[in-house]
Amino acid sequence: MHAPAAELPAVLSDPRWRDLERLRRTSPMSDAVLDEVRGRHIRSGDHWLIDFASCNYLGFDWDPEIIAAIEPAVRRWGTHPSWSRLIGNPRLYPEIEERLTALLGAPDTLLLPTATLIHASVIPVLADEGHVFVEARAHKTVYDGCVAARARGATLTRFRADRPDELDSLLGAADGTGPRLVCLDGVDSMTGNSPDLPLLARVCRERGATLYVDDTHGFGVIGERSQSEPCPYGSRGNSVVRHTGESYDGIVLVGGFSKAYSSLLAFLALPTPLKDRLKVAAGPYLYSGPSPTASLATVLAGLDVNERRGDEIRADLYRKTLRVVEHVHALGLDTPCEQGFPIVELPLADDGDLDEVVRLLWDRGIYVTVAAYPLVPRDRVGFRAQITALNSDEDIDRLDDTLTLLAERGALRLKR
Ligand SMILES: Cc1ncc(COP(=O)(O)O)c(C=O)c1O
């Protein structure tokens, strides 16, 4: 249902939404309708662009083996057996959960359609009428889950991942007054950096708090470290807990298949008793329609491809990412991208130039994620290029040349 027309002007004149609404209406890279996709080349009208806004990091969206897995599954299960999970589960669900549990090395896993739904429904259950501590940069969907927990009786406090001592004091002050849940991102969706998870996990364990980590971006890209790893992302793409050598003791991990695995599905890694509790306490398990059969099939096929070719794909992704990051460094540009993750954020020298910069990128056929205020603070206004394994070296050349042009024009912020 559309909102009643009379409400619309008030909403749009609200200063919280005004800038975003202007961006949505005026930027060619916002709320766009695309007419054709060929791998990472996309067409809008008669204008072709190279897609650096996709989060399909492993290129599974165009993998022939993964695409071929859809039709047999749909023939067997229909497009969408629309039971909620509590009512009925195509066998694909337990198959994925078993394989995912083994990949992550977690005690158990639970699949739900999206990470957004997981945060909205699971954070309030875990927090109960206790205390939620949310990291200052946590993803909006995590924050919204924390706000929902507050509405159901929990207290809500912000903390910063780089101030573990402060978190320790906050947890200490709330001791003995109900559950304490600490929520943060693994790989940050804007900077591509991840926090010091072992340190934060230690603080939480010592205080008896649960650490809730959203690693929607890291899952599929970063994984366990070893001498034989093909690149610094590690091996197997089994997420930030394994990447940092941590155990799942006291940690609930949330990950998604909607980025690296190009499928509409998400998961929690959690102890089995908590899984059983969520089966009756988390709304989406009881009431939501399931993920489409096509997504369940592409996840299973993606797990196969990950096992056989994943490390090779990640090594190629890392090589391409380095080509951009090293170029950015050679130009002397500022970027928060420190850990080589394929998200390269580039703040502008002057946030007032955003429209002009976006226009230049568009004209040169470079499609990026625009980081406008208030999505980011004013001093970080700019854009992000996400690199995927499906971007060719010629695509990367084109991006690097365009960054050179923007740097020559003084549009991008220099490293201080
Ligand atoms: C960190 C983070 N968490 C959650 C989500 C939402 O994931 P989903 O599409 O599974 O709801 C996103 C999507 O952009 C994200 O970046």
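Since we're looking at a predicted model, the values are computed, not measured.

Rules of the game
Residues numbered from 1 in each chain as written. Predicted model: local features only at pLDDT ≥ 70, side-chain atom pairs only at ≥ 80, totals over all residues. Heavy atoms only, no water. Near = heavy atom within 4 Å. Polar contact = N/O pair within 3.5 Å; in protein donor to acceptor, adjacent residues only side chain to side chain. Areas by Shrake-Rupley, 256 points an atom, 1.4 Å probe, with all protein chains shown as cover. Nonpolar A, V, L, I, M, F, W, Y, C, P; charged D, E, K, R; others polar. UniProt positions renumbered as here; feature names shortened; annotations may be inferred. Helix = DSSP H or I, 4+ residues; strand = E, 2+ residues; numbered from the N terminus. Buried < 20%, exposed > 50% of the residue type's maximum accessible area, 1.4 Å probe, protein only. Contact = heavy atoms within 4.5 Å. Domains from an automatic or database assignment. Buried area = accessible area lost by both parts, 1.4 Å probe. Salt bridge = Lys/Arg side-chain N within 4 Å of Asp/Glu carboxyl O. Pairing = 2+ DSSP bridges. pLDDT = per-residue confidence, 0-100. Axes fitted to C-alpha atoms, helices over the stretch in contact; angles between N-to-C directions.

(A) Layout of the site of the ligand. Around the ligand lies a shell formed by Thr 114, Ala 115, Thr 116, His 139, Thr 141, Ser 189, Asp 214, Thr 216, His 217, Ser 258 and Lys 259. His 139 is positioned such that a nitrogen or oxygen atom in its side chain is 3.2 Å from an oxygen atom of the ligand. When isolated, the ligand has an accessible area of 400 Å², and the protein chains bury 83% of it. Class assignment for the residues of the shell around the ligand results in 1 nonpolar, 8 polar and 2 charged.

(B) Fine view of the UniProt feature "domain: Aminotransferase class I/classII large" (unreviewed entry) in the protein chain. Look at the UniProt record and you will see "domain: Aminotransferase class I/classII large" (unreviewed entry) annotated at residues 50-399. With 42% helix and 15% strand, the stretch residues 50-399 has end C-alpha atoms that lie 9 Å from each other.

(C) Inspection of the side chain of Glu 97 at higher detail. Of note, Glu 97 is situated in helix α5 (residues 92-104). We classify Glu 97 as buried; its relative accessible area is 7%. Within the structure, the side chain of Glu 97 is placed 3.1 Å from the side chain of Lys 275, a separation counted as a polar contact. Aside from chain neighbours lying at most four places away, what touches Glu 97 is Arg 85, Thr 109, Leu 110, Leu 111 and Lys 275.

(D) Examining the domain arrangement of the protein chain more closely. What the domain assignment lists for the protein chain is domain 1 (5-62 + 310-408) and domain 2 (81-291). Each of domain 1 and domain 2 has a C-alpha centre, and the two are 27 Å apart. Each side of the interface is counted separately: domain 1 has 25 residues, and domain 2 has 26 residues. With both chains or domains summed, domain 1 and domain 2 bury close to 2100 Å², and 57% of this area falls on carbon and sulfur atoms. Looking at the side of domain 1 facing domain 2, the largest losses of area belong to Arg 314, Gln 339 and Phe 341, adding up to 29% of the total buried there. Counting every contact that joins domain 1 to domain 2 gives 0 salt bridges. Of all the elements in the fold, those that place two or more residues in the side of domain 1 that touches domain 2 are α13 (293-330) and β11 (343-347). Among the elements that line the side of domain 1 that touches domain 2, the one with the most residues is α13, at 6 residues.

(E) How the structure looks around the sheet that holds strand β12 (residues 366-367). Taken in spatial order, the 4 strands line up as β1-β2-β3-β12 in an open sheet, and their pairing is mixed. At either end of the open sheet lies a strand with only one pairing partner, and these are β1 (36-38) and β12. Here β1 runs beside strand β2 (residues 41-44); their pairing, made up of 3 bridges, is antiparallel. Looking at the pairing, Glu 36 lines up with Arg 43 of β2.

(F) Spotlight on the confidence of the model for the protein chain. In this model, the protein chain carries an average pLDDT of 95, and 97% of its residues clear a pLDDT of 70 or more. In this model, residues 1-6 is a region of pLDDT below 50 whose contacts with residues beyond four sequence positions or in other chains number 0 contacts.

(G) Here's a closer look at the sheet that holds strand β13 (residues 369-371). What the 3 strands build is an open sheet, ordered β11-β14-β13; its pairing is antiparallel. Every interior strand has two partners, whereas the edge strands, β11 and β13, have only one. The mean angle between the axes of side-by-side strands here comes to 25°, regardless of whether they run parallel or antiparallel. Sheet analysis places β13 next to strand β14 (residues 382-386), joined by 3 bridges and oriented antiparallel. Note on β14: the bridge partner recorded for Thr 369 is Arg 384.

(H) A look at the pattern of salt bridges. Scanning the model with the defined rule gives 36 salt bridges in all. The closest approach of N and O atoms between Arg 207 and Asp 168, which form a salt bridge, is 2.9 Å. Of this pair, Arg 207 sits in helix α9 (residues 197-207) while Asp 168 is found in helix α8 (residues 164-173), placing the two residues 39 residues apart along the sequence. In this structure Asp 168 comes out as partly exposed when scored by relative accessible area, which is 25%. The salt bridge partner of Lys 320 is Asp 316, with a shortest N-O separation of 2.8 Å. Of this pair, Lys 320 and Asp 316 both sit in helix α13, separated by 4 residues, roughly a single helical turn. Its relative accessible area of 6% is what places Lys 320 among the buried residues.

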